[in-house]
Amino acid sequence: MNTLGTLELKDQVALITGGTAGIGLEAAKLFVREGATVVISGRNTERGKAAAASIPEGPGSVRFIAADLADLESVGELAEQAGPVDILVNNASALPVAATVEQSVAGFEQLFDTNVRGPYFLTASLVPAMLAKGSGSIVNVTTMAASMGVPGSSGYAATKAALGSFTRTWAAEFGPSGVRVNSVSPGPTITEGVLVEWGDGVAELGKGLPLRRTAEPLEIAEAILFLASPRSSFVTGATLAADGGATAV
Ligand SMILES: NC(=O)c1ccc[n+]([C@@H]2O[C@H](COP(=O)([O-])OP(=O)(O)OC[C@H]3O[C@@H](n4cnc5c(N)ncnc54)[C@H](OP(=O)(O)O)[C@@H]3O)[C@@H](O)[C@H]2O)c1
């Protein structure tokens with residue numbers, strides 16, 4: 001709720017991919033608190049249902065749809081079942097780390113299928129309704145590693161650089177029809193997924209930031225809410241660095 005006592009996302013329908021854990025789940029909680037009708041997606045149905053049940057009801061609502069972003073057929077079904085939407089948060093991601101000389105081809109393809117091809121065709125399926133309506137907000141969740149050299153992140157960082165590029169192109173393509181597109185670029189954030197993939201490396205990255213710590217998922221979700229909501233109504237094509245100052249130094 002803003003200072004005038006109104007809900008920030010009243011009457012808005014939102015899809016948050018990867019909304020069943022970590023940053024996406026915190027964003028879903030904020031969106032429901034602000035009155036949105038929210039769909040969260042992920043591959044694991046049990047996890048998704050538990051995540052939806054964990055979100056306090058009202059003033060908005062939440063439901064889960066199972067979908068694998070690495071699978072184009074599944075992406076198409078997700079768009080059909082979740083749409084039309086006013087807000088799309090492209091948040092789901094494969095997060096594996098690998099030294100370039102050890103990167104498997106299958107792992108490389110998984111990264112690009114999930115983080116680049118999936119959000120690209122999901123957006124292409126959902127944006128026509130936004131364009132026809134003359135409004136909408138798309139938030140792409142990228143990473144600080146897309147604009148700095150972080151060892152072990154070559155494939156992952158490149159996928160997020162592509163997503164950042166989509167942000168700028170889509171802002172130019174969709175802006176004349178009133179649809180805004182922005183990125184949130186997080187720094188190291190303590191989530192289940194990142195701990196599995198990066199282990200202690202996340203805390204180490206946090207120590208090197210100007211703020212000298214890692215983020216809580218809620219701190220990134222707040223940035224997503226800002227870009228999704230009308231509070232950022234004149235912001236498009238921008239990248240909001242929620243990275244503890246990493247890319248400023
Ligand atoms: N945590 C960090 O330090 C950090 C830093 C920079 C950027 N980010 C970005 O922030 C976003 C969220 O990260 P997080 O740390 O919150 O991740 P997380 O805790 O691992 O959650 C990932 C979410 O994405 C879903 N997901 C993963 N692969 C999927 C696929 N192929 N199809 C559909 N859904 C899939 C997961 O559900 P299922 O497993 O059930 O599919 C889960 O809901 C990502 O875009 C990530 O790149 C995170």
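Here the structure is shown first, and the text comes after it.
Draft legend 1. Inspection of the site of the ligand at higher detail. Around the ligand sit 29 residues, and of these Thr20, Arg43, Asn91, Tyr156 and Thr191 come closest. The separation between an oxygen atom of the ligand and a polar side-chain atom of arginine 43 is 2.7 Å. Between the ligand and glycine 193 there is a distance of 3.5 Å, counted from an oxygen atom to a backbone nitrogen or oxygen. The cavity that encloses the ligand is the largest pocket.

Draft legend 2. Examining the nonpolar core more closely. Counting residues in hydrophobic clusters, the biggest one holds 32 residues, and the most contacted among them are Phe31, Val38, Ile40, Val89, Val184 and Ile224. Contributing elements (two or more residues each) for this core: strand S1 (13-17), helix H1 (22-33), strand S2 (37-42), helix H2 (45-54), strand S3 (61-66), strand S4 (87-90), strand S5 (136-141) and helix H8 (217-228). Contacts of isoleucine 224, omitting those with residues within four sequence positions, involve Ile23, Ala27, Phe31, Val89, Val139, Val141 and Val184. Core analysis: the second largest hydrophobic core is formed by 25 residues, Ala67, Met130, Phe166 and Phe174 among them.

Draft legend 3. The packing of helix H4 (residues 105-133) against helix H5 (residues 154-174), seen in detail. Across the interface, H4 lies against H5 with an axial gap of 9 Å and an inter-helix angle of 15°. The angle between H4 and H5 places the two elements in the roughly parallel class. Crossing angle aside, the handedness with which H4 passes H5 is right-handed. Only Gly155, Tyr156, Ala158, Thr159, Lys160, Ala162, Leu163, Phe166, Trp170 and Phe174 of H5 make contact with H4, whose side of the interface consists of Leu111, Phe112, Asn115, Val116, Pro119, Tyr120, Thr123, Val127 and Leu131. Looking at the contact of H4 with H5 residue by residue, the class counts come to 14 nonpolar, four polar and one charged.

Conventions we followed
Residues numbered from 1 in each chain as written. Predicted model: local features only at pLDDT ≥ 70, side-chain atom pairs only at ≥ 80, totals over all residues. Heavy atoms only, no water. Near = heavy atom within 4 Å. Polar contact = N/O pair within 3.5 Å; in protein donor to acceptor, adjacent residues only side chain to side chain. 1 Å grid on protein atoms, 1.4 Å probe; cavity = no way out; pocket = protein on both sides within 12 Å on 5 of 7 lines; lining within 4 Å. Sits in = over half its atoms within 2 Å of the grid points. Core = buried A, V, L, I, M, F, W, Y, C linked by side-chain atoms within 4.5 Å. Buried < 20%, exposed > 50% of the residue type's maximum accessible area, 1.4 Å probe, protein only. Helix = DSSP H or I, 4+ residues; strand = E, 2+ residues; numbered from the N terminus. Contact = heavy atoms within 4.5 Å. Axes fitted to C-alpha atoms, helices over the stretch in contact; angles between N-to-C directions. Parallel < 35°, antiparallel > 145°, perpendicular 65-115°, else oblique. Left-handed = near helix turned anticlockwise from the far one by under 90°. Nonpolar A, V, L, I, M, F, W, Y, C, P; charged D, E, K, R; others polar.

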